[in-house]
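Below, each chain spelled out in residue letters.
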Amino acid sequence: MIFQIIIFLVLMVAGYLIGSYLERRHYRSIIQREAQYRNVVAVASRQLPDDGAEYTQRLVTGNVTVSVDYFKRFLATLHNIFGGRITSYESLLDRARREAILRMKAEAAALKSPLVLNVKYETASVYKGSGNGIGSVEVLAYGTAMIPKASNHGV
Amino acid sequence: MAERPGSEFMLISNLEVIPDRRVVKHLGLVQGSSVRAKHVGRDIMASIKNLFGGELVGYTELLSESREEAMERLTAQATAVGANAVLNVRFSTSSVAQGAAEIYVYGTAVILE
């Protein structure tokens, strides 16, 4: 019994410290890369702006699987009792969506595409933790990269 | 997923209408699916990482590999019906068991002029 409590506390503390360190590091990297890929525009629109340029199309995707730590999962269980916003899961999904979009934009940037049309998200809970709580989520972002024909000679 | 083998002439897009190109013929729905699981070592690694949070690289790889395989099957089917493009492509994911996921890709095979 005492042994179980000790394991629980160790996991809580380790989960909190390592988990929040990883989250802060991830957010720093997201913000930095969002600035880097600002010139790639990703929109949900299906219409091409009428600028007269000719494009070729290519499907681009970005996916990521992110997991919550033990401490946040425990917090979410508590929230489930009292209701209200579960901020720990909100930040998990926010990170996953932004990361997926960034990976998609990186693929588009590698194709020298300035524009990604018809962006769609797909979210799936891939790994259930113990009980019914979400262990981790996978987010896929995909869209059609418009590659200007002039820069297409090298490809 | 940028360079898929055998897809050099197959235009795959999730747009319904490709700007400046007319659809000559519709050939119906084509699809590709793939169910994959990782070996136990990866699953154990993932459950450890699940305690501390962060990205589960093994699962990210697993899902993008199976998505690539599903896309290859979609492309093969589209080639078989004589299409040169697949439009309005959608992805769908469902987890069929612990540590395994089904990836499903579908779209409309067409001939563009």
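These figures come from a predicted structure and were not determined experimentally. (Residues numbered from 1 in each chain as written. Chains lettered and ligands numbered in written order. Predicted model: local features only at pLDDT ≥ 70, side-chain atom pairs only at ≥ 80, totals over all residues.)

Below, the discussion takes up the overall build of chain A. Across its full length, chain A carries 3 helices and 4 strands. Helices (α) and strands (β) of chain A occur, in sequence order from the N terminus, as α-β-β-α-α-β-β. On C-alpha atoms alone, chain A measures out to a radius of gyration of 20 Å, which is more than a quarter above the 15 Å that the 2.2 N^0.38 rule sets for 155 residues. Taken along the three principal axes of its C-alpha coordinates, chain A extends 70 × 25 × 20 Å. Looking at chain A as a whole, 36% of its 155 residues qualify as buried. Taking the contacts inside chain A whose residues are at least 6 apart along the sequence as the reference set, 83% of them involve residues at least 24 apart. (Helix = DSSP H or I, 4+ residues; strand = E, 2+ residues; numbered from the N terminus. Rg over C-alpha atoms; globule rule 2.2 N^0.38 Å. Buried ≥ 20, exposed ≤ 12 C-beta atoms within 10 Å, placed from the backbone. Contact = placed C-beta atoms within 7 Å.)

Take A:M12: it is sitting in helix α1 (residues 2–36). C-alpha separation for the pair A:M12 and A:F71, spaced 59 residues apart in sequence, amounts to 4.9 Å.

Right, let's talk about the interface of chain B and chain A for a bit. With 32 residues of chain B at the interface, the matching set in chain A holds 43 residues. Looking at the side of chain B that touches chain A, the elements that each hand over two or more residues are β1 (11–12), α1 (40–52), β3 (53–55), α2 (57–80) and β4 (85–97) of chain B. The residue makeup of the side of chain B that touches chain A, split by class, is 16 nonpolar, 11 polar and 5 charged. Of the strand pairs in this sheet, strand β2 (residues 55–69) of chain A and β3(B) are connected by 2 bridges, and their pairing is antiparallel. The partner of A:V66 across the bridge, within β3(B), is B:E55. (Nonpolar A, V, L, I, M, F, W, Y, C, P; charged D, E, K, R; others polar. Pairing = 2+ DSSP bridges.)

Residue and element names in this part refer to chain B. In space, the 4 strands of this open sheet follow the order β1-β4-β5-β2, with mixed pairing throughout. Edge positions in the sheet fall to β1 and β2 (23–37), since each has one partner strand and no second. Sheet topology note: the β1/β4 ladder contains 2 bridges and is parallel. Looking across to β4, one finds that I12 is bridged to V86.

Residue and element names in this part refer to chain B. With 13 residues, α1 ought to run about 18 Å at 1.5 Å a step, and its terminal C-alpha atoms sit 19 Å apart, in line with that. Those residues of α1 not exposed but buried are A46, K49, N50 and F52. Looking down the long axis of α1, one finds its buried residues gathered within 155 degrees of arc, a one-sided arrangement. Away from the buried face of α1 by more than 90 degrees, exposed residues V40, G41, I44 and I48 are located. Following α1 by one or two positions, G53 has its phi on the positive side, about 80 degrees. (Expected span 1.5 Å × (residues − 1). Arc of directions from axis to C-beta.)

With that settled, consider the nonpolar core. The biggest cluster of nonpolar side chains holds 52 residues, and the ones touching the most others in it are A:A100, A:M104, A:V116 and B:V86. Only β2, α3 (87–110), β3 (115–128) and β4 (134–148) of chain A together with β1, α2, β4 and β5 (100–112) of chain B provide two or more residues apiece to this core. If one sorts the elements of this core by residue count, β4(A) sits on top with 8 residues. (Core = buried A, V, L, I, M, F, W, Y, C linked by C-beta atoms within 7 Å.)

Residue and element names in this part refer to chain B. As for its placement among the helices and strands, V110 is situated in strand β5. Judged by local crowding, V110 falls into the buried class, with 23 C-beta atoms found within 10 Å. Sequence-wise, V110 and F9 are 101 residues apart; in three dimensions their C-alpha atoms are separated by 13 Å. If we skip the residues at most four places from it in the chain, V110 touches V23, K25, H26, L27, A83, A85 and L87.

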